[in-house]
Amino acid sequence: EVEEDVSDLPGAVRGVCKRALAVDGVIRGLHEVAKYIDGGKSQVVFLAESCNEPAYKKLVQVVGASCVCITDFGEEGQAYEY
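Below is a summary of the structure that appears in this document. Within any chain, residue numbers begin from 1 and follow the written order of that chain's sequence. At least 70 in pLDDT is required for a residue's local features to be given in this predicted model, at least 80 for side-chain atom pairs to be given and counted, and no such filter applies to totals for whole chains, interfaces and linings, which use all residues. Excluding hydrogens and water, the side-chain values take into account all heavy atoms of the structure.

## Considerations on the overall build of the protein chain
Summing up its helical and strand segments, the protein chain has 4 helices and 3 strands in all. Going from N to C terminus, the protein chain has its helices and strands arranged as α-β-α-β-α-β-α. Throughout, exposure labels follow a simple rule: accessible area from a 1.4 Å probe, protein chains only, divided by the maximum for the residue type, with under 20% read as buried, over 50% as exposed, and the rest as partly exposed. Within the protein chain, the fraction of its 82 residues that count as buried is 26%. Should any heavy atoms of two residues lie within 4.5 Å, those residues are counted as being in contact. When contacts within the protein chain are restricted to residue pairs at least 6 apart in sequence, those whose partners lie at least 24 apart make up 67%. Accessible area for the protein chain stands at about 5700 Å²; split by element, carbon and sulfur atoms hold 49% of it. Helix numbers and strand numbers start at the N terminus; a helix is a DSSP run of H or I with at least 4 residues, a strand a run of E with at least 2. With residues, only the protein chains shown are counted as cover, and all accessible areas are computed by Shrake-Rupley using a 1.4 Å probe.

## Thoughts on the environment of Val 45
Summarising the element assignment, Val 45 is placed in strand β2 (residues 44–46). Here Val 45 falls in the buried class, since its relative accessible area comes to 12%. Between the alpha carbons of Val 45 and Ile 70 there is a distance of 6.3 Å; along the sequence they are 25 residues apart.

## Section: helix α2 (residues 30–38)
Among all positions in α2, only Val 33, Ala 34 and Ile 37 are buried. The buried residues of α2 all sit within an arc of 100° when viewed along its axis, so they share a single face. Positive phi appears at Gly 40, one or two residues downstream of α2, with a value of about 70°. Think of it as the arc spanned by the lines of direction from the helix axis to the C-beta atoms.

## Focus: the packing of aromatic side chains
Here the aromatic set is Phe, Tyr and Trp, taking the six-membered ring for Trp, and pairing holds for ring centres within 6.5 Å; pairs whose planes are under 30 degrees apart are stacked, those over 60 apart are edge-to-face, and all others are tilted. The full count for this structure, using the stated rule, is 0 aromatic pairs. We call a charge positioned over a ring when the NZ of a Lys or the CZ of an Arg lies within 6 Å of the ring centre and within 35 degrees of the ring normal. Over the ring of Tyr 36 we find Lys 41; its NZ or CZ atom is 5.6 Å from the centre of that ring.

## Some details on the nonpolar core
We define the nonpolar core as a collection of buried residues of types Ala, Val, Leu, Ile, Met, Phe, Trp, Tyr and Cys that are connected through side-chain atoms lying within 4.5 Å of one another. If you look at the biggest cluster of nonpolar residues, it comprises 9 residues: Val 6, Ala 12, Val 16, Cys 17, Ala 20, Val 26, Ile 70, Phe 73 and Ala 79. Once you skip the residues sitting within four places of it in the chain, Phe 73 turns out to touch Val 16, Arg 19, Ala 20, Val 23, Gln 43, Val 44 and Tyr 80. Residues Ile 27, Val 33, Val 45 and Cys 69 belong to the second largest nonpolar core, which totals 5 residues.

## Some details on unusual backbone geometry
Positive phi, normally seen in glycine, also occurs at Asp 24, with a value near 55°. Tracing the backbone through its elements, the reader meets Asp 24 in the loop between α1 (9–22) and β1 (26–28).

## Considerations on α1
With 14 residues, α1 extends 20 Å from end C-alpha to end C-alpha; this agrees with the ideal 20 Å at 1.5 Å per step. The set of residues buried in α1 consists of Gly 11, Ala 12, Val 16, Cys 17 and Ala 20. Whenever a nitrogen or oxygen atom comes within 3.5 Å of another N or O atom, the pair is scored as a polar contact, on the condition that within protein one atom can donate a hydrogen and the other can accept it, and that pairs from neighbouring residues in sequence are kept only if both atoms are in side chains. Put simply, Asp 8 is the residue that caps the front of α1, since its side-chain oxygen is 2.9 Å from the backbone nitrogen of Gly 11. Two residues or fewer past α1, Asp 24 is found with a positive phi of approximately 55°. What a helix is expected to span follows from its residue count: subtract one and scale by 1.5 Å.

Read these as spatial facts, not as claims about activity.
The following block contains the structure:
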């Protein structure tokens, strides 16, 4: 598979998520993501701007969390390095 050029942060996030999905390394949903953060299993977490739940926003500020959690990056490439 040919790797796409990464020139901005959204492109890098898409690339990282795509590779993580390929190795079953993506956890979705606030509840599931919170469990992985709590267990120390998350490597990166993305929170949607539309999230308006104060408890999750506080968790994001404390831990650096989100709505999608990467537990395995898969192959590293341009997106990962960005």
